[in-house]
Amino acid sequence: SRCRMRKVADPANISVASPEELVHTYLTQNEVLNNLDEGVVFVDAPGKIQLVNRAAEGMLGQRSELLEGAVLDSLIQEESGESLLREKEEKKKNISTSRPNILSCCIPLRKNERRSGSLLILSDRTEAMRTAEQLNGTRHIVSALRANSCFRWDGKKRRWLILEAFQRFRPR
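Asker: Break down the overall build of the protein chain for me, citing the residues and quoting the values.
Answerer: The helix and strand inventory of the protein chain stands at five helices and seven strands. For the protein chain, the succession of helices and strands along the chain, N to C, is α-α-β-β-α-α-β-β-β-α-β-β. Taken over 172 residues, the protein chain has a buried fraction of 23%. By sequence separation, contacts in the protein chain at least 24 residues apart represent 27% of the contacts at least 6 residues apart.

Given below as structure tokens:
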């Protein structure tokens, strides 16, 4: 077991990626990040923005060149005026922000037991509300269909039954 661990940790056994592989990995990750519908913002420990994807640019209304290096609190805060970065715990929560159409989930990041920054996931609140309204509308339609249905679910036999009132309309 010890010999095996030494062998794995031996620098001679570690393969190094070629520059082409590194470029491919970077471009792939960058493409994935920029095609998300949610905004992604990485903020370092002092609170300066280090990385922003396209969706976050749109939600914050500025290009990444202007956002990167800016202090996050100067752009966006909780509705109460507090910093999004005040959370010390490793818990995710939705935060209503000073920008009326943005919900944020702030994830503290740690390296060697010290906070190294935060990852903010920004969601468009109007899109979330639209989805909720569509879901609610669908529920009303399903309820209406159930109320006017000629079928009844038989839980014991695990099948749908045609109600007696509608038996005469049943094709033979």
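Asker: If you had to explain a nonpolar patch on the surface to someone new, which residues and values would you point to?
Answerer: Where nonpolar side chains cluster on the molecular surface, the patch consists of V23, Y26 and L27 and spans about 320 Å² of accessible area. One can find Y26 in helix α2 (residues 19–34). Taking relative accessible area as the criterion, Y26 reaches 54% and is therefore assigned exposed.

Asker: Describe in detail the side chain of N34, supporting the description with residues and values.
Answerer: Among the structural elements, N34 can be located in helix α2. The class of N34 is buried, set by a relative accessible area of 14%. Aside from chain neighbours lying at most four places away, what touches N34 is N53 and R54.

Asker: Describe the pattern of salt bridges, and please don't skip the residues or the numbers.
Answerer: Applying the stated rule across the entire model yields two salt bridges. With a shortest N-O distance of 3.2 Å, R63 and E57 are connected by a salt bridge. The exposure class assigned to E57 is buried, which follows from its relative accessible area of 13%. In this structure, R63 engages E65 in a salt bridge whose closest nitrogen and oxygen atoms are separated by 3.6 Å. Overlapping salt bridges bring together E57, R63 and E65 as one network.

Asker: If you had to explain the environment of S116 to someone new, which residues and values would you point to?
Answerer: Its place among the elements puts S116 in strand β5 (residues 114–124). Look at S116 and you get partly exposed, because its relative accessible area is 31%. Spatially, the C-alpha atom of S116 lies 8.8 Å from that of P46, the residues being 70 residues apart in sequence. Other than its neighbours up to four places away in sequence, S116 contacts F42, V43, D44, A45, L109, R110 and K111.

Asker: Describe in detail the side chain of D44, supporting the description with residues and values.
Answerer: Turning to its location among the elements, D44 is positioned in strand β1 (residues 39–44). Notably, D44 is buried but unbridged: the nearest opposite-charge side chain belongs to K48, and the N-O separation is 6.7 Å. For D44, the side chain forms a polar contact with the main-chain nitrogen of K48, separated by 2.8 Å. Reaching out from D44, the side chain makes a polar contact with the side chain of Q50 at a distance of 3.0 Å. Every residue in contact with D44, bar those within four places of it in the chain, is listed here: Q50, S116 and G117.

Asker: Tell me what's going on with the confidence of the model for the protein chain, and back it up with residues and numbers.
Answerer: Here the protein chain averages 76 in pLDDT, while 69% of its residues score no lower than 70. When mean pLDDT is taken per element in the protein chain, strand β2 (residues 49–52) scores highest with 92 and helix α1 (residues 2–9) scores lowest with 44. Within the model, pLDDT remains below 50 along residues 1–8, and this stretch shows two contacts once partners closer than five positions in the same chain are excluded.

Asker: With reference to specific residues and values, describe the nonpolar core.
Answerer: V41, V43, I49, L72, I76, L120 and L122 are the most contacted members of the largest nonpolar core, which totals 17 residues. Of all the secondary structure elements, the ones that give two or more residues to this core are β1, β2, α3 (54–60), β4 (102–111) and β5. Of all the elements, α3 adds the most residues to this core, at three residues. What I49 contacts, discounting residues up to four positions off in sequence, is V41, F42, V43, L67, E68, G69, A70, L72 and L75.

Cut-offs used in this document
Residues numbered from 1 in each chain as written. Predicted model: local features only at pLDDT ≥ 70, side-chain atom pairs only at ≥ 80, totals over all residues. Heavy atoms only, no water. Helix = DSSP H or I, 4+ residues; strand = E, 2+ residues; numbered from the N terminus. Buried < 20%, exposed > 50% of the residue type's maximum accessible area, 1.4 Å probe, protein only. Contact = heavy atoms within 4.5 Å. Patch = residues over 30% accessible without salt bridge, like charges linked within 9 Å, V, L, I, M, F, W, Y side chains within 5 Å. Areas by Shrake-Rupley, 256 points an atom, 1.4 Å probe, with all protein chains shown as cover. Salt bridge = Lys/Arg side-chain N within 4 Å of Asp/Glu carboxyl O. Lys, Arg positive; Asp, Glu negative; His and termini not counted. Polar contact = N/O pair within 3.5 Å; in protein donor to acceptor, adjacent residues only side chain to side chain. pLDDT = per-residue confidence, 0-100. Core = buried A, V, L, I, M, F, W, Y, C linked by side-chain atoms within 4.5 Å.

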